[in-house]
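# Commentary on secondary and tertiary structure
So the chains spell out like this:
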Amino acid sequence: VARAESVAELAEVLEAGSASIWVADMTGVAVTRWAPGESGVLVLGSEAHGPSPAFLDMASERVTIPAAGAHAATESLNVAAAGAILLAAWCGGIR
């Protein structure tokens, strides 16, 4: 786990290897169909503004947590909740 405040900082973290960069966004592959592999980076943006355009441009792919039923109109999830769901999916806990 690493925290990067800018694309430059993330680039430094990634220089050592060739990891995929997944960005959590309102558009993208549904978490239930997400297959990120063992090595990669998951970028979570702020709750108010989402990921910055620079991180979106750097993304290998985007992943989303689709809402269903009565919650379909929900604009977004708390970033901690979204991160927990996405990390659980990455570890094989959600299908």
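Now for a quick tour of the structure. As the structure is a prediction and not an experimental result, all values here were calculated from the model.

## A word on the environment of methionine 26
Along the chain, methionine 26 falls in strand E1 (residues 20–30). C-alpha of methionine 26 to C-alpha of isoleucine 65: the two residues are 39 residues apart in sequence and 7.6 Å apart in space.

## Re the side chain of aspartate 25
Structurally, the position occupied by aspartate 25 is in strand E1. Polar contacts involving the side chain of aspartate 25 include one to the side chain of threonine 27, which spans 2.9 Å. At 3.0 Å, the side chain of aspartate 25 forms a polar contact with the side chain of arginine 62. The residues touching aspartate 25, leaving out its near neighbours within four places in the chain, are Pro51, Leu56, Arg62, Val63 and Thr64.

Criteria and cut-off values
Residues numbered from 1 in each chain as written. Predicted model: local features only at pLDDT ≥ 70, side-chain atom pairs only at ≥ 80, totals over all residues. Heavy atoms only, no water. Helix = DSSP H or I, 4+ residues; strand = E, 2+ residues; numbered from the N terminus. Polar contact = N/O pair within 3.5 Å; in protein donor to acceptor, adjacent residues only side chain to side chain. Contact = heavy atoms within 4.5 Å.

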